[in-house]
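Overview (structure and organization)
Here is how the chains run, residue by residue.
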Amino acid sequence: MALLTEGEIRNLLKGKDLKTVKELEIPKGAIVTPSAKGFLTDHQIQLKYIEPAEKKTAESPQGLEESKKEHTPYRYTTLFGGYMDKKPEHMTSLYGNVLVFKDHKRIIFRGKIDSFESRLLETQIAVEKLGHPKLVADLQEILLFVRNLLRCEVLGEKVQEFSLQKMNHAELREMSHHPEKYFGSGHFIPDYIMGEVVVRLNALRSAVREVELAAYEAFKLPDGDAGRGDIILALNRLSSLFYIMMFKFMSGQYKS
C-alpha cells in the first residue's frame, strides 16, 4: 500500500501552478500523511483516487481488448504513474509497493544510513576488544536510535522528542559548543596521537555529517527548506554527541 508524504506530494506537483491545480490523481488505497493532507488543503487541491485500469484509453484497440479480460491487479506502482507486475533490478521500493529508481535521493539517504550503521558496528567490536564496555553500551544506544530514524523516514512518522546519554537535543548542542565548561578543555583538532578510539569516534562523527547532508538532499523543498526537519535535527545532534564522546573518552569517563 502506497504512503504519500508531503515531500512526495510536492514532487508530484513540482513545476505546476498550484493556483490552477484543482485535483491530484493518486492510486486507490494510498495512504496520505497528515502533513501532506494539510498541504493539499492549504492549496485547495482535492484528491482523486483512481484504479490502474483508469489509466487505459477506452477508445484505443488495446484498451478495448483489455476490457474484455479479467483485470489482474498490478503488484507495483511508481511515483510517475506507471504500473508493473515485476520489479526491475534498477528499481527498488520507496515504501509499500511504490517503486523508484535506485538513484532516488531518499534511497541514497537510506544507503548512507546503512553504511553508517556498518561503521558503528565495526567500532563497537574494536572498542570492546580494547576493554571499554561503557562505550560499547553508548554506541548501542546510538545504533538503536539511528534504526528508529530510518523507521520514521520509511513510514512517514515524525521523530519524537529524544534523549541520548541522558541529554536532550538542546543539552547536546550546549555541551558540544562549550566543552570547556564540562570537560575543562576547549575545542580541538583530532590527531592520531589521541589514539584509536578517539580517531574512530571522529570517523563516526564525520560519517553522520554525510548522512545529514544526504537527508537534506532527500527532503529539500523547492524553497530550500527541509521537509523533514525532525530527521535533520536528530542527525545534527548525533554528530554533536560523537564530539562529546571524544571529550568523555579523553577525560577518562569511559574507564571501567
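Heads up: the structure comes first, above all this text.
Overview of the structure.

Definitions and limits used
- Residues numbered from 1 in each chain as written.
- Predicted model: local features only at pLDDT ≥ 70, side-chain atom pairs only at ≥ 80, totals over all residues.
- Heavy atoms only, no water.
- Helix = DSSP H or I, 4+ residues; strand = E, 2+ residues; numbered from the N terminus.
- Buried < 20%, exposed > 50% of the residue type's maximum accessible area, 1.4 Å probe, protein only.
- Contact = heavy atoms within 4.5 Å.
- Arc of directions from axis to C-beta.
- Pairing = 2+ DSSP bridges.
- Expected span 1.5 Å × (residues − 1).

A tally of helices and strands in the protein yields nine helices and eight strands. Burial statistics for the protein: of 256 residues in total, 39% are counted as buried. Sequence separation of at least 24 residues holds for 57% of the intrachain contacts in the protein that already meet a minimum separation of 6.

Buried residues of helix α2 (residues 34-42): A36, F39 and L40, and no others. Down the axis, α2 shows its buried residues gathered within 95° of arc, on one side only. Opposite the packed face of α2, turned more than 90 degrees from it, sit the exposed residues P34, T41 and D42. Phi for Q44, located one or two positions after α2, is positive at around 55°.

Let us now look at the pairing of strand β7 (residues 91-95). Along a regular strand, successive side chains alternate from one face of the sheet to the other. The sheet contact formed by β7 and strand β8 (residues 98-101) spans four bridges and is antiparallel. Each residue of the ladder has a partner; that of S93, found in β8, is L99. The antiparallel pairing of β7 with β8 creates a hairpin that spans two residues between the two strands, and G96 there sits at a positive phi of about 55°.

This paragraph deals with the sheet that holds strand β5 (residues 76-78). The mixed open sheet is built from four strands, whose spatial order is β6-β5-β8-β7. The two strands at the open ends of the sheet, each matched to only one other strand, are β6 (83-84) and β7. Where β5 lies against β6, two bridges are found, and the strand directions are antiparallel. Bridge pairing in β6 places T77 opposite Y83.

It is worth spelling out helix α5 (residues 133-155) at this point. Counted at 1.5 Å a residue, the expected span for α5 with its 23 residues is 33 Å, and the 33 Å between its end C-alpha atoms agrees. By the burial criterion, the buried members of α5 are L135, V136, D138, L139, I142, L143, F145, V146, L149, C152 and E153. Each element contacted by the buried residues of α5 is listed here: α4 (105-129), α8 (196-219) and α9 (229-250). In the segment just after α5, G156 is the residue with positive phi, at about 75°.

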